Amino acid sequence: MMHKHILIVEDEQKIAALLKEYLEKAGYRATIAGRGDQAVAQARKSSPDLMLLDIMLPGMDGMAVCREVRKFSDIPIIMITAKVEEIDKLLGLEIGADDYICKPFSPREVVARVKAVLRRINPEPAGKTLAIGPITIDEASHQARVSGAALDLTPNEFKLLQVLISQPGRVFPRDELLSRVQGYDCEGYDRTIDSHIKNLRKKIAAHLPGQEIITTVYGLGYKLSYTPQK
Ligand code: CA
């Protein structure tokens, strides 16, 4: 896995070190620049994935750094300010920052913001594995398995299972399932969902005889749940 590189621009060494520690714990690679002018040079040289930028800096202030960096890069920038009043000013200036954090902050909050901004800018490609009991879904390869055995599902059956497994135990009304299964053949509506569910059940049951994974909740819809058998 590639670690995203966060450039911390902060002259207060203690704060910078703390942020670095938390970001690294969260799986990022973090480097520190202690001066504004240095930060611009580093951003140019190492093209980080995100910049945490304090405003009060020696060499060049954070706003000027932001403007300079924007001349050659559109990396996400989160400004850090010691004064709430500065945020209005920042917003008014439209210097091109993506988010703002006020001091004092909790390092956890900063990490959460970093994650949120990166997600917004760069949505993670589908590639998660969802699992409940013996059922797993690999979103990248579009492969569903039961106890390791591959299921041969149609795209709509796969999508249905994916929706159901995303929130085990939750009852999904038929019309919600219908709208979440994209590219749906609208003919027959509810019946179509019912027949997909029926096929899905059959395919799962082939590997898990006697166990009901997808339950009908009368008058409401369907849910997926798994109780290990003793
Ligand atoms: Ca500072």
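Being a predicted model, the structure only gives us computed values, none of them experimental.

## A closer look at the overall build of the protein
Each helix and strand counted, the protein has 8 helices and 12 strands in total. Restricting to contacts in the protein with at least 6 residues of sequence separation, those with at least 24 account for 53%. Accessible area for the protein stands at about 12,800 Å²; split by element, carbon and sulfur atoms hold 52% of it.

## Notes on the nonpolar core
For soluble globular proteins, nonpolar side chains are generally found buried alongside one another. Residues Ile135, Leu161, Leu164, Leu177, Ile204, Ile214 and Leu224 are the most contacted members of the largest nonpolar core, which totals 27 residues. Elements with a minimum of two residues in this core: β6 (129–132), β7 (135–138), β8 (143–146), α6 (155–166), α7 (174–180), α8 (190–205) and β12 (221–224). In terms of residues, this core owes the most to one element, α6, which gives 6 residues. Setting aside chain neighbours within four positions, we find Ile214 in contact with Leu164, Ile197, Leu200, Arg201, Ile204, Tyr222, Lys223 and Leu224. Membership of the second largest hydrophobic core comes to 20 residues, among which are Val9, Ala39, Met79 and Ala97.

## Considerations on the pattern of salt bridges
Summed over all chains, the structure comprises 13 salt bridges. Between Lys20 and Glu24 there is a salt bridge, with the nearest N and O atoms lying 2.7 Å from each other. Highlighted residues: Lys20 and Glu24, both in helix α1 (residues 13–25), separated by 4 residues, approximately one helical turn. For Asp37, the salt bridge is made with Arg35, and the minimal N-O distance between the two is 3.1 Å. Exposure remark for Asp37: the relative accessible area of 33% places this residue in the partly exposed category. The partly exposed category is assigned to Arg35, whose relative accessible area is 36%. Salt bridges sharing common partners tie together Glu10, Glu12, Asp54 and Lys103.

## Describing the packing of aromatic side chains
Evaluated as defined, the whole model comprises 0 aromatic pairs. In this structure, Lys25 packs its charged tip against the face of Tyr22, placed 4.6 Å from the ring centre. Directly above the ring of Phe72 sits Arg44, whose terminal nitrogen or CZ lies 4.2 Å from the centroid.

## Things to note about the sheet that holds β6
Reading across from one edge, β6-β7-β8-β9 is the order of the 4 strands in this open sheet, with antiparallel pairing throughout. Each having just a single partner strand, β6 and β9 (149–150) make up the two edges of the open sheet. Pairing of β7 with β8, which is carried by 4 bridges, proceeds in the antiparallel orientation. Paired with Asp138 across the strands is Gln143, a residue of β8.

## A word on the sheet that holds strand β11 (residues 214–217)
With respect to topology, 3 strands assemble into an open sheet ordered β10-β12-β11, the strand pairing being antiparallel. The open sheet is flanked by β10 (172–173) and β11, the only strands paired with a single partner. Bridge count between β10 and β12: 2 bridges; the pairing is antiparallel. The partner of Phe172 across the bridge, within β12, is Tyr222.

## Digging into the coordination of the calcium ion
Note on the calcium ion: its protein donors are Glu10 (OE), Asp11 (OD), Asp54 (OD) and Met56 (O). The metal-donor distances range over 2.1 to 3.1 Å. Each donor residue of the calcium ion belongs to the same chain, and together they define the spacing E-D-x42-D-x1-M. Of this pair, Asp11 sits in the loop between β1 (5–9) and α1 while Asp54 sits in strand β3 (residues 50–54), placing them 43 residues apart in sequence.

## Some points on the side chain of Asp99
Structurally, the position occupied by Asp99 is in strand β5 (residues 99–102). Looking at Asp99, the relative accessible area reads 17%, which means it is buried. Dropping the residues within four chain positions of it, Asp99 is found in contact with Ile77, Ile78, Met79, Arg113 and Val117.

## Quick word on the side chain of Lys103
Position of Lys103 relative to the elements: it lies in the loop between β5 and α5 (107–121). In this structure the side chain of Lys103 is engaged in a polar contact, spanning 3.0 Å, whose partner is the side chain of Glu10. For Lys103, the side chain forms a polar contact with the side chain of Asp54, separated by 3.3 Å. If we skip the residues at most four places from it in the chain, Lys103 touches Glu10, Glu12, Ile15, Asp54, Ile80, Thr81 and Ala82.

Cut-off values and rules
Residues numbered from 1 in each chain as written. Predicted model: local features only at pLDDT ≥ 70, side-chain atom pairs only at ≥ 80, totals over all residues. Heavy atoms only, no water. Helix = DSSP H or I, 4+ residues; strand = E, 2+ residues; numbered from the N terminus. Contact = heavy atoms within 4.5 Å. Areas by Shrake-Rupley, 256 points an atom, 1.4 Å probe, with all protein chains shown as cover. Core = buried A, V, L, I, M, F, W, Y, C linked by side-chain atoms within 4.5 Å. Buried < 20%, exposed > 50% of the residue type's maximum accessible area, 1.4 Å probe, protein only. Salt bridge = Lys/Arg side-chain N within 4 Å of Asp/Glu carboxyl O. Phe/Tyr/Trp six-rings, centres within 6.5 Å; stacked < 30°, edge-to-face > 60°. Lys NZ or Arg CZ within 6 Å of the ring centre and 35° of its normal. Pairing = 2+ DSSP bridges. Donors = N, O, S within 2.8 Å, 3.2 Å for Na, K, Ca; no water. Polar contact = N/O pair within 3.5 Å; in protein donor to acceptor, adjacent residues only side chain to side chain.

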